[in-house]
Amino acid sequence: MNKNEIESSNNKVYIIEDDMGSKVNVTSKSSNEAASPIIKRIAYDLLRANKGQKISLRIIRHYVEEESGERFSSGSFSGAMRDLIEESKGRIVNVERGFYSYVVHAKSYEINAAIDRLIEDLTEVAYVNLLEAEDEDIDAIKKIPDIQRKLYHLKINS
């Protein structure tokens, strides 16, 4: 079996992706249930069972379809995942394009993400056309690395 594949047998699922090998209990579906609730429930169970792990959308989708026995359109799937993020009160996050995670410390994650955005914004501010910059601008830009270091130290270790 290759990395990132899912094997389903005896009502258990094993995820083989990097260091993930956690067992996840199967969630049964109601036969006439709409797509979004099915997707959200099964995806949430999978992500929660693998707390703190980054799981690809491809793995989530494959797992949801295996467990539900149904195929879902890309639109239904992306809408359900977007709703799941909004409804999870910060527990389910899109950590990077195509990857999701269940966050144990939601507020710490949110604070650290805001600090990371500030650090990135300061990096963008530092780029100027030296031919057009005033001395005051250059003096301010020279302070940016120190500000970034201080922001980095504000991040919460969890």
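Residues numbered from 1 in each chain as written. Predicted model: local features only at pLDDT ≥ 70, side-chain atom pairs only at ≥ 80, totals over all residues. Heavy atoms only, no water.

Some words on the side chain of Ser-88
And step 1. As for its placement among the helices and strands, Ser-88 is situated in the loop between helix 3 (74–87) and strand 5 (92–96).
And step 2. Within the local environment of Ser-88, its side chain forms a polar contact with the backbone oxygen of Ile-85, the two atoms lying 3.1 Å apart. (Helix = DSSP H or I, 4+ residues; strand = E, 2+ residues; numbered from the N terminus. Polar contact = N/O pair within 3.5 Å; in protein donor to acceptor, adjacent residues only side chain to side chain.)

Observations concerning the sheet that holds strand 6 (residues 99–102)
And step 1. Sheet architecture is open: three strands sit in the order 4-6-5, paired in antiparallel fashion. Each edge of the open sheet carries a strand with a single partner, namely strand 4 (55–56) and strand 5.
And step 2. Looking at chain direction, strand 4 and strand 6 are connected through two bridges and run antiparallel. Across the sheet, the residue bridging to Ser-56 is Phe-99, located in strand 6. (Pairing = 2+ DSSP bridges.)

Brief notes about helix 6 (residues 144–154)
And step 1. For helix 6, the full list of buried residues reads Ile-144, Gln-148 and Leu-151. Down the axis, helix 6 shows its buried residues gathered within 60 degrees of arc, on one side only. What points out from helix 6, more than 90 degrees from its buried face, is the exposed set Lys-150 and His-153.
And step 2. Looking at the buried side of helix 6, the elements it contacts are helix 4 (106–126) and helix 5 (135–142). (Buried < 20%, exposed > 50% of the residue type's maximum accessible area, 1.4 Å probe, protein only. Arc of directions from axis to C-beta. Contact = heavy atoms within 4.5 Å.)

Points about helix 2 (residues 57–68)
And step 1. Over its twelve residues, helix 2 runs 16 Å from end to end, which matches the ideal 16 Å to within 8%, given 1.5 Å per residue.
And step 2. Residues Ile-59, Ile-60, Tyr-63, Val-64, Glu-65, Glu-67 and Ser-68 constitute the buried set of helix 2. (Expected span 1.5 Å × (residues − 1).)

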